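Listed here are the chains, written in short residue letters.
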Amino acid sequence: MIIKMKKNFTLYWPGFLNGELYKDLGIITMIFNEHLNYNSCILCNKNEENYDQVINKNIAIHYIVDDNTISNVLVNTDILLLMGYYDFNIKMIEKFKSINPRGKIYLKLDMNIHWLKRIVFDQYAINLLNECTLISVECKNLKKIIDLSWPLKVEYIPNGFYNAGINRNIEYKEKENIIITVGRLGTYQKGTEILLKAFKLASKKLSNWKLKLIGDIDPNFQGYIENYINTNPEIKDRIIFTGRINDRKLIEEEYLRAKVFCLTSRFEGFPNVFDEAANKGCYIISSDIDPAWDITDDKKYGSIFPIDDYNTLANELITVCSNEERLETVCRDIQIYTREHFEWIKLCQKIDSFIKEND
């Protein structure tokens, strides 16, 4: 009997924190370790984290101390995962290939349209990027733009969901009249005030609906919230700020109970919250960012409104929340669509296949 040796998979992310284990870069590393017969490790800076969550998943942590510690990890790495078109990743491509020329590199671009438009290549960068075995981008529209303008081959691989506990079909009858959003509340990127303004306008026609906002609140946004509540006392009991929810099963319960997930971001890559909400049967309402078209299958399973346009969002909330039949249909269909196209284990199998094509 021939025992096949496991290959070594390394995530290089200098600023890695425990909480990123359930974001795309951590999930990919975890799935290669647990489901695809690799030994995964993370190469990062040492900080105050104890990395107990990572260690509990049997993923090794290697700290960036000096060139020798980096070299010792890289020389034994079969696949190196890099996240984002950053200078430190371009330099790492060069370093890795000088130490381990047979090693393979997967560069996940984690791109949004604004970042994409700012990228200008020189021949040095092109040469190094051509050393990557696989480069991928998360949105179909960005892939179209890249195909027309980049001198490189880039594959389409979206972000996905990875169940922490609930892995079953969600029945619409389990849901309540709740609209949720999840993220860093009050930052310029997330545009939380757009959602609050829209809910105020829609609230009279949605008298039996609640708005639940999940996540840390930016300190600079606290004053806005207090003023909003004080000037709209009639709806204060229908707006719930939960704070950050770290327990994965608890956050899945929030998605499960909600009928609508709303994102008002001004820009995004491909937010993991889209997949998590869709997998739990939420109707998606989003600002016009590229991944919204992917997760809703071109508005088949959701609605898209112009960025910053809270009036249109308010009208959309009224229309969607008043249409019980559509909400129930989407609840069923978006789960099927998401599990077919956005399940992380399937996506990682696709990544693995692309990499093995070059064996």
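Source: prediction; values computed, not measured.

A. Molecular detail of the sheet that holds strand S10 (residues 239-243). Across the sheet, which stays open at both edges, the six strands sit in the order S10-S9-S8-S11-S12-S13 with parallel pairing between neighbours. Strand pairing shows two members of the sheet lacking a second neighbour, S10 and strand S13 (302-305), which therefore form its edges. Ignoring which end each strand starts from, the neighbouring axes of this sheet average 20° apart. Here strand S8 (residues 176-182) runs beside strand S11 (residues 258-263); their pairing, made up of three bridges, is parallel.

B. Spatial organisation of the nonpolar core. Grouped together as the largest cluster of nonpolar side chains are 90 residues, with contacts concentrated most on Leu109, Met111 and Phe261. Residues contacting methionine 111, with those up to four places away along its chain left out, are Tyr85, Leu116, Ile119, Val137, Glu138, Leu142, Trp150, Glu268 and Gly269. Counting 33 residues, the second-largest nonpolar core is a separate cluster that includes Val54, Leu134, Cys348 and Ile351.

C. Region of interest: the packing of helix H1 (residues 24-34) against helix H15 (residues 344-356). It is the contact of H1 with H15, at a shortest axis distance of 10 Å, that shows an interaxial angle of 75°. Here H1 is positioned roughly perpendicular relative to H15, judged by the angle of their axes. Contact residues: H1 offers Asp24, Ile27, Ile28, Ile31 and Phe32, while H15 offers Trp344, Ile345, Cys348, Ile351 and Asp352. Residues of the contact of H1 with H15, tallied by class, amount to eight nonpolar, no polar and two charged.

D. Spatial organisation of helix H10 (residues 248-257). For H10, the complete set of buried residues consists of Ile251, Glu252, Glu254, Tyr255 and Leu256. Tucked inside the fold, the buried residues of H10 contact S8, strand S9 (210-214), S11 and helix H11 (272-279). Its side-chain oxygen at 2.9 Å from the backbone nitrogen of lysine 249, aspartate 247 defines the N-terminal cap of H10.

Parameters at a glance
- Residues numbered from 1 in each chain as written.
- Predicted model: local features only at pLDDT ≥ 70, side-chain atom pairs only at ≥ 80, totals over all residues.
- Heavy atoms only, no water.
- Pairing = 2+ DSSP bridges.
- Helix = DSSP H or I, 4+ residues; strand = E, 2+ residues; numbered from the N terminus.
- Axes fitted to C-alpha atoms, helices over the stretch in contact; angles between N-to-C directions.
- Core = buried A, V, L, I, M, F, W, Y, C linked by side-chain atoms within 4.5 Å.
- Buried < 20%, exposed > 50% of the residue type's maximum accessible area, 1.4 Å probe, protein only.
- Contact = heavy atoms within 4.5 Å.
- Parallel < 35°, antiparallel > 145°, perpendicular 65-115°, else oblique.
- Nonpolar A, V, L, I, M, F, W, Y, C, P; charged D, E, K, R; others polar.
- Polar contact = N/O pair within 3.5 Å; in protein donor to acceptor, adjacent residues only side chain to side chain.

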